[in-house]
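# Coordinate analysis (summary)
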Protein chains: 4
Amino acid sequence: MSVNIGLIGLGMIGRDHLQRFKQVINNANVTAICDINSGVANALAQEYNVTPFYDAIEMINSELVDAVFICSIGPVHKEQILAAIKAGKPVFCEKPLTPTAIDAREIIEAEVSYGKRLLQLGFMRRFDPGYQALKQSIGTGELGEILLMHCAHRNPSVPESYTLEMAINDSATHEIDIIHYLLNENIVSVRVDKPRKKTSRALGHLQDPLIVIFETESGVRIDDELFVNCHYGYDIRCEVIGENAIASLTEQALTVTRSANGVGRHIAQSCMERFATAYDREVQNFVDRVKSGSGMTGPSSWDGYLVALVCDAGIASLNDGLKHDVTIPARPALYQPLSES
Amino acid sequence: MSVNIGLIGLGMIGRDHLQRFKQVINNANVTAICDINSGVANALAQEYNVTPFYDAIEMINSELVDAVFICSIGPVHKEQILAAIKAGKPVFCEKPLTPTAIDAREIIEAEVSYGKRLLQLGFMRRFDPGYQALKQSIGTGELGEILLMHCAHRNPSVPESYTLEMAINDSATHEIDIIHYLLNENIVSVRVDKPRKKTSRALGHLQDPLIVIFETESGVRIDDELFVNCHYGYDIRCEVIGENAIASLTEQALTVTRSANGVGRHIAQSCMERFATAYDREVQNFVDRVKSGSGMTGPSSWDGYLVALVCDAGIASLNDGLKHDVTIPARPALYQPLSES
Amino acid sequence: MSVNIGLIGLGMIGRDHLQRFKQVINNANVTAICDINSGVANALAQEYNVTPFYDAIEMINSELVDAVFICSIGPVHKEQILAAIKAGKPVFCEKPLTPTAIDAREIIEAEVSYGKRLLQLGFMRRFDPGYQALKQSIGTGELGEILLMHCAHRNPSVPESYTLEMAINDSATHEIDIIHYLLNENIVSVRVDKPRKKTSRALGHLQDPLIVIFETESGVRIDDELFVNCHYGYDIRCEVIGENAIASLTEQALTVTRSANGVGRHIAQSCMERFATAYDREVQNFVDRVKSGSGMTGPSSWDGYLVALVCDAGIASLNDGLKHDVTIPARPALYQPLSES
Amino acid sequence: MSVNIGLIGLGMIGRDHLQRFKQVINNANVTAICDINSGVANALAQEYNVTPFYDAIEMINSELVDAVFICSIGPVHKEQILAAIKAGKPVFCEKPLTPTAIDAREIIEAEVSYGKRLLQLGFMRRFDPGYQALKQSIGTGELGEILLMHCAHRNPSVPESYTLEMAINDSATHEIDIIHYLLNENIVSVRVDKPRKKTSRALGHLQDPLIVIFETESGVRIDDELFVNCHYGYDIRCEVIGENAIASLTEQALTVTRSANGVGRHIAQSCMERFATAYDREVQNFVDRVKSGSGMTGPSSWDGYLVALVCDAGIASLNDGLKHDVTIPARPALYQPLSES
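A quick note: this is a predicted structure, and the numbers were derived from the prediction, not measured.

Scored by pLDDT, chain A comes out at a mean of 95, with 98% of its residues at no less than 70. Complex prediction metrics read pTM 0.94 and ipTM 0.93.

In C-alpha cells form, the structure reads like this:
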C-alpha cells in the first residue's frame, strides 16, 4: 500500500520534491497539492494528475491525504503543523520549523499532548553518507574524546534577498543541527565574529564571511566559517578533532583529471548537487516511517526547537558581538536523547 | 500502477535483489518467486508474502507476472529468456547473458523477431556515477581523442570454486562491457598475459594476477590488471588517456582520517559495497522502462553477445598466450549503436 | 673562499646545525664552537676537528670566526648578538630573538646604529617550499583579496618542561611570523580562546588545545589551532581564503599506499622531518649572504621584534581571555617593508 | 679541501650543472671547462672565472682537475671516460654511458683493471626522495612479494630532433634503471607494443604513445607507458603491486587550490622541475664520494651497461614487435649486487 501525500507550497523546493516523489520515492504517491496561487496549483495538478487545493488546512483534512509534506514559507508552518497534528497525520516540514523558538514550543506541546512523534524536519544532512560516516567514526571511539570541530559553509553566491540574519537562520542552521547530530549533545553558547574585511563580491548589506563559534555542554569548541559569496563552489567542510585522530568530510569527487590545469577534482556547485542523495534518503525515510506506523525517527520538532534557540542567541550575538548562552529547557520524554536517522 | 515482478533464482544475488525490491525500488512489487529448491522458495515466499513457483517457465507465463527477473545460473538463462520473449514480457537477466556466444545469438534472433527490445542485462557498472562521469568527460571532448586506457579489477579474495577461466568470464567481463560503454566502439582483439610470478595468496589452480590487453576498432589499447586475491580491498581502477587530458575514477571515499596510520581513506571491501548505488539504479531503470512500455534502453542482448564474443577470444588466448581477433557480426537494426542507460 | 663559522650552544639544535654544516652547507666551515660546558665543547671540538671555546664573547671576537651562529638559550641571546654587532660580524640566531620585546628593541637600535643588517633570525618556515608556494599564489593575485586564514600547529607530544606560555612563545610564534611573511602586513590584535575541554594526553599544567585568533592591519582574521599533544603526527596546516580561491598546504607525501588500512599517506612525525629542507635552505641562505657581503635578507631583528610584541599580547590574552591590541612602532628605514628570503 | 672539477660539454645540461656547482654544491669548485666550440668555452670561462679548454683529453689530464664531469654527447663518452680512468680520476657521466652495450663493455673492463669504481652515471632518479621512499616500502616487506609494476613516463612535448628510438634510449632508459634499483634484480626480457592509435600532437615520424613490457629474473611484469607528447605536464608515475599492498609515487604537490576549476594540484612541467632535488643530490653525492676517496657508490658503469643491454633488446622489439630476451653476463666482483645511493 502506497502512502498518499498532500504537498503544500509549490515554490522551488516544493516542485523539486514533487519531482522526487514521482521519480525516486518508493511506496508513496502525491495525491494532492496545495498553493495559495491557484494558477500554479492547477497547472501542476494537471501535469502530475493530482487534485489541486488552495487552502492548506482543507487539504490536510482531506481523505485524499495520509501524510502532509510542508514546503510553504516559515511563518505559516506553525498553523499547518498544528492542523496536521490535530488530524493525527504524519507531517514532513522543510526547515525552519518556525521562525522563532517561541512558536516552536507550541508545536512541541501539541505533539507531546498527541503522545507520539508525528513530525520529521528537513535537516537532510543527517541523511548524507559523508556525515553518517563521520558520526560512525565518532561513535566507534576511534577518534577518542572529541575536543574541537572546524566547519565551513561556502556558497558560490546568494540572491539579493539574502539578509545578514539569514547567515545564521538559513546557513549556520545546518551546522547547528549537525553538531548536535554528530556529538549527541547540546550547544550552550554562541558567539559571532565579524571580520573587518569582507568580500567585494557580497552585496553592501551583508557581512561576508562570518565566523560563528559554538560551545557544547561538555566543552567542545566549534568554529564555523560562513562564506556565502565564495564564488568557487558549494563547499561544505567538517573536521572533527579527537584526542586520538581527526576525521573530515571529503569532496566525494567521482573522478580526477590530469590536464593543463594540473590534477583536478570537481566541487559541487549547489546544495541540490552536493546533497542529492541526502534529499532522496530523507524523504524515503519519512515515507518508510509513515508506512511502518510506529512514529517518526528523523530530525524532530525538538531538534527544530533546539536549533531555533541557538539561532536566537546567534542573532543576538550578531548584533552585539558578545558570547550568548543558550538555555536548554528540560526535554520531554517523547523526544529521545537523539533522534536516530 | 506498480509492475509485478517474477524473480527466478534465490541464491545470494537473487535474495539481494528481493530485498532491494522491498526496500529501495519504486513502482514495482515482487509477486512471484521461483527456485528449483522448493523449500527455499516456500520459505522466502512466506517471509515476503509472495507466491512460490518451482518451475521457471510456469512462473514466466503466469498472470501474476508482468516482468521477469532472472538470477538463476548461466546455463539455464537461454531457455528462460526465450520463454519471456515468447510471452512478450520484459526481462532483466543477471550476467552472463549465456555461457557462450552461440547461445547468445539465439536470443538476439528471438528478440529481433519479436521486434522490440525486451531484455536488460545486469551490467550494473553502467549505472555507477563514477563511470557515468568518466563517460561524460569523454563525451564532452575535454580529454581529446582517446588513445589508451589502464584498468584494474582487484578483489580481496575469491572462493575455492573460482576457476582460471572465471578471471575472463566473470571478472574481465565487466571491463569488456564498460570499455564498449565508455568508448562507444567494439573490441577487436584480446591477448592475455600470464606473468610468471603469482601471489602466494591464490589457490594452486589459479594464475593471479593476469593482464589482459584489448584493442578497439579505432586502435585504442586497453590493459586490464585482474588481481582477484589482492587482499586489501575491492578496488576498481579506470584511467582514460586522451590527447589533451586524462581522467580516472577515484575511490569515492566519504571521509579522510588523520591518525597514527597517517592520512587515510577507506577502500570498498566488496562489489556490493562499491557498486551499491549502481545496483539500485540499474533495477530502478529496468522498472521505469517496463512502466514506460517503450522498450529497454539499458545493456542489451547485443551487448551481452559482444561481451561473449570477446570472452571466447580471451579464453582462447588464456590457453595459447597469443593475440586473438574478435569478429563482430553485423548489428541488427534493433540495437542502437550504443544502448543508453 | 669559505666562511668561517663560530657556533655557540651545543644542545640539540646546535649539534644538528654542526652536522648540517659538515654534510650539507656549501661555502662554509665551522672553525670554532663554544659551550659553557667545557667537556661538551672539547669532545665535539675533537670530533669535528675545530677549536673549542667556553666563553661566547671571546669566540665572537676571535680571528677564527667570520660569522656567528647562535644556538644558545634565549636569555643570553642579547649579549651575544650585541657583541657580534659590535665586532661587525654577521650573526644567525635561533628563535626567539630575545625573551621579551624590550630586549629585542636594544638589538634593533644597535643594528640600526651599525647601519647594515647583520642578523638573520631562525624562522625556517620562510624557506619551506610549501609556504613559498602559498606566498606565490597570494602574490600572483589568483586568490584575490585575502580575507581569512585557518592554521593548525599540531605536535605529537611535548616534554614535561613545556609550559602553557610556550604554546604562544614557542609554537604560535611560527604562525605569527609566517602570517606576516605571507600577507606582508602586521598583526594588530590577538585573542586566545581556551576551550573548556582539554586532551587527557596533556600534562595537568597545560591547556591543550588552544585557539588563537589574530587580526591584521587590513582586517584579515586568522585562527590558529595549537594542539601540542595531538598524538598522531607533526601536522602543520595553513589555508588562505581569498575572494576568488583558496589555497592550502598539503602534507607533501612522497608515496601513497593501498593496504588493508585503506589508501594511506604518511604524515611527518617531527619538526625536523617536516621542515628538513627549510632548515638546510635557511642556513645556506645565511652563508650566501655573508659571502656576498651585502647585508642580510632573511628574517630580521625587526621581524623578531614584531613577533615578540605579538607574543607579549598573546600571553596577556592567555591570562585574561580578552582581545589585546598590538601597537606597532615606526619601522626604521634599515628594515625593508618585508624582508625577502 | 674542495674538489676541483673539470666539466666537459657546455650544452643545456652542462650549463645547468655549471650553475649547480656554483650555487648548490658543497666542497667542490669547477676550475676548468671544455667545449669543442671555443667561443662558448671562452665566454663561460670568463663568466665563471675558470680556465677554458677545447680538447677534453687535455683537460682531463690537467693538474687543474681532480675529477671529471662529462656532459658531452654520447658518442664521445667512451674516449673521455677511458681517459679519466687511465688518469685515475673520478668521473661523473651523464647518461647514456655509451650508445651501445659493446662500447660500455670496454669501460667495464678498464674500470675492473683499474681495480676501483671511478665512475658515477647520471641516473638521477635514484636520488629522488619519492623513488627512495618506494624502495624503502619494498625493502621493509610491507608490500609483500612484488608481482607487478605500472609505470608511466609522460612529457608535455618533445623537440623535432626526437626520434622513435629515443623513446627507448632516452625515455624508457630511466624506468629501466629504476626497475633495477627498486627491485634489485635484472630485467630479462622486453617487448614494445605499438598501439595503432597515436596522438595527433606527435610529429609524423613518431609512434606516440608506446607501451613497453619488461620482465625481471624472478618474473615481475612491468608495463611502462611512454607518452612524450602528453601535452599536460611532465608526469612520472610508478605503482608497485605486492601481495599485501600497493605503493605509488604521488605528484608531491606543495599546495592545493579550491577555485572555479575545482580542487586542483600542480603537476611538474619539466624534468628539471620534477627532479630538481634529485639532480642536486646526485652531484653532491659524487663530490662527497670523491672527497672520501673510497670509491663510487652511485649508479655504476655496470648499471649503465645493463641498461644498454636492455635498450638494445628494446630497439630490436621496436622493429619487429616481438619479445626479446636480454642475456646478462656475469657481474665482475667490482660491482656490488646493487650500487647503493
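Let us now look at the interface of chain A and chain C. It is common to give the size of an interface as the accessible area lost on bringing the parts into contact. Chain A puts 39 residues into the contact, and the matching count from chain C is 39 residues. Carbon and sulfur atoms supply 47% of the area that chain A and chain C bury against each other, a total of about 3,000 Å² over both sides. Considering only the surface of chain A that becomes buried against chain C, A:Arg196, A:Lys197 and A:Glu243 emerge as the three largest contributors, covering 23% of it. C:Arg154 is paired through a salt bridge with A:Glu239; the nearest N and O atoms lie 3.4 Å apart. Along the contact surface separating chain A from chain C lie 28 residue pairs in polar contact (both at pLDDT 80 or more).

This paragraph deals with the UniProt feature "domain: Gfo/Idh/MocA-like oxidoreductase C-terminal" (unreviewed entry) in chain A. In this numbering, the UniProt entry assigns the feature "domain: Gfo/Idh/MocA-like oxidoreductase C-terminal" (unreviewed entry) to residues 135–321 of chain A. Measuring from the first to the last C-alpha atom of residues 135–321 of chain A gives 31 Å, for a span that is 35% helix and 27% strand.

Bringing the relation of the copies chain A and chain C into the picture now. Overlay of chain A on chain C (RMSD 0.0 Å): rotation 180°, translation along the axis 0.0 Å. In symmetry terms, the pair is related by a two-fold rotation axis. Both copies share a contact surface, since 100% of the interface residues of chain A are interface residues in chain C too.

The subject of this paragraph is the pairing of strand S2 (residues 28–34) of chain B. Side chains on a regular strand alternate between the two faces of the sheet. Residue and element names in this part refer to chain B. The buried fraction of S2 amounts to six of the seven residues, a majority that puts the element mostly inside the structure. Bridge analysis of strand S1 (residues 3–8) against S2 gives six bridges, and the strand direction is parallel. Considered in S2, the bridge of Leu-7 is made with Ile-33. Handedness of the crossover is the feature at issue here: the chain leaves S1, passes through helix H1 (residues 12–23), returns alongside S2, and the resulting connection is right-handed. Each parallel crossover has a hand, and the one from S2 via helix H2 (residues 38–48) to strand S3 (residues 51–53) is right-handed.

This paragraph deals with the relation of the copies chain A and chain D. Of the transformation superimposing chain A on chain D, the axial component is 0.0 Å and the angular component is 180°, with the fit at an RMSD of 0.1 Å. The share of interface residues of chain A whose copies in chain D are also at the interface is 100%, consistent with both copies meeting through the same surface.

Right, let's talk about the sheet that holds strand S5 (residues 91–93) of chain B for a bit. All names here are of chain B. One open sheet holds the six strands; their spatial order is S3-S2-S1-S4-S5-S6, and the pairing between them is parallel. Bordering the open sheet on either side are S3 and strand S6 (119–121), each of which pairs with just one other strand. Each strand axis lies, on average, 25° off the axis of its neighbour in the sheet, ignoring direction. Judged from the four bridges that link them, S1 and strand S4 (residues 67–70) form a sheet pairing that is parallel. When the bridges of S4 are listed, Gly-6 appears paired with Val-68. Here helix H9 (residues 276–292) sits on the sheet and contacts S1, S2, S4, S5 and S6; the angle it forms with S4, its principal contact strand, is near 160°.

Attention now goes to the pairing of strand S8 (residues 187–193) of chain B. Residues and elements named next belong to chain B. The buried count for S8 comes to seven of seven residues, which makes it a mostly enclosed element. Sheet topology note: the S8/strand S9 (residues 210–216) ladder contains six bridges and is antiparallel. Note that in S9 the partner of Val-192 across the bridge is Val-212. Pairing geometry for S8 and strand S15 (residues 324–325), over two bridges, is antiparallel. Bridged to Val-190 within S15 is His-324.

The rules behind these values
- Residues numbered from 1 in each chain as written.
- Chains lettered and ligands numbered in written order.
- Predicted model: local features only at pLDDT ≥ 70, side-chain atom pairs only at ≥ 80, totals over all residues.
- Heavy atoms only, no water.
- pLDDT = per-residue confidence, 0-100.
- Contact = heavy atoms within 4.5 Å.
- Buried area = accessible area lost by both parts, 1.4 Å probe.
- Salt bridge = Lys/Arg side-chain N within 4 Å of Asp/Glu carboxyl O.
- Polar contact = N/O pair within 3.5 Å; in protein donor to acceptor, adjacent residues only side chain to side chain.
- UniProt positions renumbered as here; feature names shortened; annotations may be inferred.
- Helix = DSSP H or I, 4+ residues; strand = E, 2+ residues; numbered from the N terminus.
- Least-squares fit on C-alpha atoms with pLDDT ≥ 70 in both.
- Buried < 20%, exposed > 50% of the residue type's maximum accessible area, 1.4 Å probe, protein only.
- Pairing = 2+ DSSP bridges.
- Right-handed = clockwise from strand over helix to strand, strands pointing away.
- Axes fitted to C-alpha atoms, helices over the stretch in contact; angles between N-to-C directions.

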